[in-house]
Amino acid sequence: MIQDFRYTILFFFILSTSYASAQSLRKLMEMPPRIIESKWEQTPEGGTELNYYNEDLCSYYLFRENDRSYNLNPGKNTVFRIEKGSNADNSFKNSSRYMFFRGQFPKGFKISTPYALPIKAGKETKWQIALQESAKTMIFQIQEGDTIYATRRGVACTTVLPQQLLIYHPDHTFAAYLMMSQNFIQGGEEVITGQPIGIAGVLGVSISYFFLDNNKFDSNGPLGYPYSHFTPVFRTDKGDIKLDEKVAYKSATDDELIMLEMTKREKKKFQKQKYSK
């Protein structure tokens, strides 16, 4: 009787935690206040241009109804310019419905790209789907208080949830790390595969992998939720494979995986630092 009661309490705790995680994912994807600012500015030649300043180090997508849309990279983005004395039509003079979204449509996305498990090399973990999530999310079984490791390189986006982490990968996909009790990474910080990024919470860590999907937009804007979620291939003791649910796997994160998306200069620096220790 007492044991049944404990299992019931644990079951409802898991449900409530998963629901909070789903809430966190939605919150994590919100655009932080004043992260993007638009300005009409004069050019040195006497013309006028409309610039969007992205203060995040992650990209955004600007959708404008009845107009083309724009990728807003970190820093200054000139989206429209009128040269001095030009009679060019200004599509921005009329009001238009517009929306911002985190990310850009993927470039060079390959589902076969290997990811690291979020644990130290040689350690073991299992995973299961978070049933209460509105989008596909993997809960990895990691002991509370253990270190979580980055599953792929990228840059940390600025978010409104300091204990959670959103990483933007080179191919414009995302990894959202939820349920952490502590986050080591600041917005704008570069992260490499296998780097310690935080501390596991009570149920470990849940990670969701996704991208802004061009197929979920039409001329009027997004057709509902604009992101598609996927399950990556992971490097394990059994090879680079899709993980079966509730099956134990050992992490096999190695130098090849860590350096996979590095430039020649970055690889040389990484190897020099590693072998100088």
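Residues numbered from 1 in each chain as written. Predicted model: local features only at pLDDT ≥ 70, side-chain atom pairs only at ≥ 80, totals over all residues. Heavy atoms only, no water.

Undergrad: When you look at the overall build of the protein chain in this model, what are you seeing that I'm missing?
TA: Counting secondary structure elements, the protein chain contains three helices and 24 strands. Burial analysis of the protein chain (277 residues in total) assigns 46% to the buried set. Across the protein chain, every contact between residues at least 6 apart in sequence was considered, and the portion connecting residues at least 24 apart equals 63%. When the accessible surface of the protein chain is summed, it comes to about 15,200 Å², and 50% of that surface belongs to carbon and sulfur atoms. (Helix = DSSP H or I, 4+ residues; strand = E, 2+ residues; numbered from the N terminus. Buried < 20%, exposed > 50% of the residue type's maximum accessible area, 1.4 Å probe, protein only. Contact = heavy atoms within 4.5 Å. Areas by Shrake-Rupley, 256 points an atom, 1.4 Å probe, with all protein chains shown as cover.)

Undergrad: In this structure, what is going on with the nonpolar core? I would like to understand it.
TA: For soluble globular proteins, nonpolar side chains are generally found buried alongside one another. Phe140, Leu165, Tyr177, Ile197, Tyr209 and Phe234 are the most contacted members of the largest nonpolar core, which has 27 residues in total. Breaking this core down by element, the ones donating at least two residues are strand S10 (138-140), strand S13 (165-168), strand S14 (173-178) and strand S18 (205-212). Considering every element that reaches this core, the biggest residue donor is S18, with four residues. (Core = buried A, V, L, I, M, F, W, Y, C linked by side-chain atoms within 4.5 Å.)

Undergrad: What am I meant to see in helix H3 (residues 264-275) here?
TA: Owing to its 3.6 residues per turn, the α-helix aligns residues three or four sequence positions apart on the same side. Under the 1.5 Å per step criterion, the end-to-end length of H3 is 17 Å for twelve residues, consistent within 8% with the ideal 16 Å. Little of H3 is tucked away, with one of its twelve residues classed as buried. (Expected span 1.5 Å × (residues − 1).)

Undergrad: Quick question: what am I supposed to make of the state of the cysteines here?
TA: Under the defined criterion, the tally for this structure stands at one disulfide. Covalently, cysteine 58 is tied to cysteine 157 through a disulfide, its sulfur atoms 2.0 Å apart. Of note, the bridge from cysteine 58 to cysteine 157 carries an S-S torsion of about -100° and is left-handed in sense. Here cysteine 58, found in the loop between strand S2 (48-54) and strand S3 (60-64), pairs with cysteine 157, found in the loop between strand S12 (154-156) and S13; they are 99 residues apart in sequence, far enough to count as distant. In this structure, cysteine 58 and cysteine 157 share a single accessibility class: buried. (Disulfide = S-S within 2.5 Å.)

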